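Fold and contact review
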Amino acid sequence: MSGTLELYTFKVTCKYKTKIWRRIEIPGEQTLGDFDIIIREAFEYDKWDHLSEFFPGRAWACRGFGEIEPGGKSRGTKKKIEEIQLVKGDIIEYIYDFGDDLGHKIKLEKISVVEKSEDWPRVIGRNKPKYQFCEECMKEDRKTVATWICLECSDKEQRDVLLCEDCLMKKHEEHYAEKILY
Ligand SMILES: [Zn+2]
Ligand SMILES: [Zn+2]
């Protein structure tokens, strides 16, 4: 395949954890369904469960482009990026998981014309992660990145109880925990 296409560069930022962001490139001819998948990959969200939706403005305050079900073929998945008619600097919003209601702001940083040659969409940048470490591993003098927060123990002990996946499974198996995003 040869020819050119319009490539959109977006910065996707968590609405309530504004230090967490990913920069994503996606061609204008690809769809919101494609954009949804790469955002889920980039933020380590579930790709097989949970609804999501893009909104032209503030989420829920305006009508969205239609809900997206992973693997589904709803109206929300089919709209092409170029059909939204964004210009540089525009901000749209994205909600992942209607239950947890995780909001994201998506800013269009630029549109460039490029040769058709690469695999898009793709993640080209992200915030510098500020890793925290598993407290159980630390007791054994090991430094393991914590990927979970045990909400039950944190609530009980009135501090953040941070764990690696191994220690979560071994010592907090039945506890309600939440993934940590870096
Ligand atoms: Zn650990
Ligand atoms: Zn626990």
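Refer to the structure printed above.
First, a word on scope: everything that follows refers to the structure included in this document. (Residues numbered from 1 in each chain as written. Chains lettered and ligands numbered in written order. Predicted model: local features only at pLDDT ≥ 70, side-chain atom pairs only at ≥ 80, totals over all residues. Heavy atoms only, no water.)

1. Observations regarding the coordination of the zinc ion (ligand 2)
We apply this condition: Donor criterion used throughout: N, O or S atom within 2.8 Å of the metal, extended to 3.2 Å for Na, K and Ca. Water excluded; incomplete-looking sites may result. In short, tetrahedral needs four donors with all angles between 85 and 135 degrees, square planar needs four and octahedral six donors with opposite donors over 155 degrees apart and all other angles between 65 and 115, and whatever is left is irregular. We count a stretch as a helix when DSSP gives it H or I for four or more residues in a row; a strand needs E for two or more, and each element gets its number in order from the N terminus. When a residue's accessible area, from a 1.4 Å probe over protein chains only, is under 20% of the maximum for its type it is buried; when over 50% it is exposed; and in between it is partly exposed.
Within the protein, C150 (SG), C153 (SG), H172 (ND1) and H175 (ND1) serve as the donor atoms for the zinc ion (ligand 2), at 2.0 to 2.2 Å. Coordination at the zinc ion (ligand 2) is tetrahedral, judged from the four donor atoms that bind it and the angles of 104 to 120° they form at the metal. For the zinc ion (ligand 2), all donor residues lie on one chain, and their spacing in sequence is C-x2-C-x18-H-x2-H. Here the residue C153 occupies a position in helix α4 (residues 151-157), and H172 occupies one in the loop between α5 (165-171) and β10 (177-179), the gap between them amounting to 19 residues. The exposure class assigned to H172 is buried, which follows from its relative accessible area of 7%.

2. A closer look at the nonpolar core
Basically, it comes down to this: The criterion is simple. A nonpolar core is a set of buried Ala, Val, Leu, Ile, Met, Phe, Trp, Tyr and Cys residues joined through side-chain atoms within 4.5 Å. Between two residues, a contact is recorded if the distance between any of their heavy atoms is within 4.5 Å.
F10, L32, F35, I39, F43, F54 and I106 are the most contacted members of the largest nonpolar core, which has 26 residues in total. Elements with a contribution of two residues or more to this core: β1 (4-14), β2 (21-27), α1 (32-42), β5 (91-96) and β6 (102-115). Among the elements that make up this core, the one with the highest residue count is α1 (five residues). Those residues within four positions of F10 in sequence are excluded, and the remaining contacts are R22, R23, I24, I26, F35, I81, L86, I106, K107, L108 and E109.

3. Considering the packing of aromatic side chains
Counted only if it meets this: Under the pairing criterion, centres of Phe, Tyr and Trp rings, with the six-membered ring standing for Trp, must be within 6.5 Å; the plane angle then separates stacked pairs below 30 degrees from edge-to-face pairs above 60, leaving the rest tilted.
All told, the structure shown has nine aromatic pairs when counted by the stated rule. Between F35 and F54, the ring centres sit 5.3 Å apart and the planes meet at 15°, which makes this aromatic pair stacked. Taken together, the positions of F35 in helix α1 and F54 in strand β3 (residues 52-55) put the pair 19 residues apart, joining distant regions of the chain. For the pair shown, F35 and F54 are each scored as buried. Aromatic pair F43 and Y45: ring centres 5.6 Å apart, planes at 15°, arrangement stacked. With a relative accessible area of 1%, F43 lands in the buried category. Using a relative accessible area of 14% as the deciding quantity, one classes Y45 as buried. Clustering of aromatic rings is evident, with ring pairs tying together Y8, F10, F35, F54 and Y94.

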